[in-house]
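One-letter residues, chain by chain:
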Amino acid sequence: MISKLIQEIEKKDAPIVVGLDPQLGFLPKHLMEQGIKEYGESLEAVAAAVFEFNKAIIDATYDLIPAVKPQVAMYEQFGVSGMVAYRETVEYAKSKGLVVIGDIKRGDIGSTSGAYAAGHIGTVQVGGKTFLPFDEDMVTVNPYLGSDGVKPFIDVCNKNDRGIFVLVKTSNPSSGEFQDQKIGEKTLYEMVGEKVAEWGADSMDGAYSNVGAVVGATYPEQGRVLRKLMPHTYILVPGYGAQGGKGEDLVDFFNEDGLGAIVNSSRGIIAAYTKSDYAKFGEKHFADASRQAVVDMLADIRGAIAAGK
């Protein structure tokens, strides 16, 4: 699966992913009004608005980007209806040729971890029929329960040609409370990075592994360390834009081949119309604002990579 993602990145010269993390405050009024007209003031109305919001952003950007990353919590908050919108979003994105990274951050052990893996990137057998429950291409995984929680995902990756991104050094301000703690001479995030490289050796797909890592754009120094520890690991980089990460911070997340990392922006893209830089588009043209934000992000990251070579 990582080879498919790389192919799309190279074809579009776009090492970025758009995070589809809808919140009520981001949904334009006309979409909510349309949902309420059809379903009344209900969770079904919100879910309908969410899907139309996502659909419009995908339509406006799919020719520029290789992938989208829906954050499952933003759909779960709206209950069963929200999860239906999540599944519809995955389906629609894939119909446009996009790779879908489900930001699910699951992490458990044994059969529970296996069930998460089957539900999101695997299959479920019912009698003589096989089903793909959520059918993402890749998902994020929390490794802090150890190998028991990660290996069921790797098994499913190898069986179904899917991928995972394992949390190593996350972009949030308090990540260092645990991840930066030293155990002997190494930090915990370094130890997790070494483990990711070890796990990835069993799931190679060309020059890179289907077992990737999550390393936040807000920690470029740690990114440099981890890039050396994980030379064959693709890095998913959150924290660009709204969380403070800039293109110039990301150069060392990439390898010399110009590959090795894919940078995520969520609010900076999907809520671009609410920002002063894109106010000219207006609320009804929110998707056009998102497209321009993608264009601007690409220019920033391409320029930084070129300057860093």
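Above this text is the structure in question.
Since the structure is predicted, the reported quantities are computational estimates derived from the model, not experimental observations.

Reading guide: rules and limits
Residues numbered from 1 in each chain as written. Predicted model: local features only at pLDDT ≥ 70, side-chain atom pairs only at ≥ 80, totals over all residues. Heavy atoms only, no water. Helix = DSSP H or I, 4+ residues; strand = E, 2+ residues; numbered from the N terminus. Rg over C-alpha atoms; globule rule 2.2 N^0.38 Å. Buried < 20%, exposed > 50% of the residue type's maximum accessible area, 1.4 Å probe, protein only. Areas by Shrake-Rupley, 256 points an atom, 1.4 Å probe, with all protein chains shown as cover. Lys, Arg positive; Asp, Glu negative; His and termini not counted. Charge placed at Lys NZ, Arg CZ, Asp CG, Glu CD. Phe/Tyr/Trp six-rings, centres within 6.5 Å; stacked < 30°, edge-to-face > 60°. Lys NZ or Arg CZ within 6 Å of the ring centre and 35° of its normal.

Peer 1: Kindly report on the overall build of the protein chain, identifying the contributing residues and their values.
Peer 2: Assigned secondary structure in the protein chain consists of 12 helices and 14 strands. A compact globule built from 309 residues should have a C-alpha radius of gyration of about 19 Å, and the protein chain, at 19 Å, falls within 12% of that. When the backbone C-alpha atoms are referred to their principal axes, the protein chain occupies close to 60 × 55 × 40 Å. Looking at the protein chain as a whole, 53% of its 309 residues qualify as buried. Accessible surface computed for the protein chain: about 13400 Å², of which carbon and sulfur atoms make up 51%. If the 31 positive side-chain charges of the protein chain are averaged to one point and the 41 negative ones to another, these points end up 2 Å apart.

Peer 1: A description of the packing of aromatic side chains should follow, citing residues and the corresponding values.
Peer 2: Think of a pair of aromatic rings as described by two things: how far the centres are apart, and how the planes are tilted against each other in angle. Following the criterion strictly, the structure yields 6 aromatic pairs and no others. Each ring, one from phenylalanine 51 and one from tyrosine 92, has its centre 6.2 Å from the other, and the planes form 85°; the classification is edge-to-face. Here tyrosine 92 lies in helix α5 (residues 79-95) and phenylalanine 51 lies in helix α3 (residues 43-61), a separation of 41 residues in the sequence. By the ring-pair criterion, three or more aromatic residues cluster together here, those being Phe53, Tyr273 and Phe286. Seen from the ring of tyrosine 219, lysine 169 lies directly overhead, with NZ or CZ sitting 4.1 Å from the centre.

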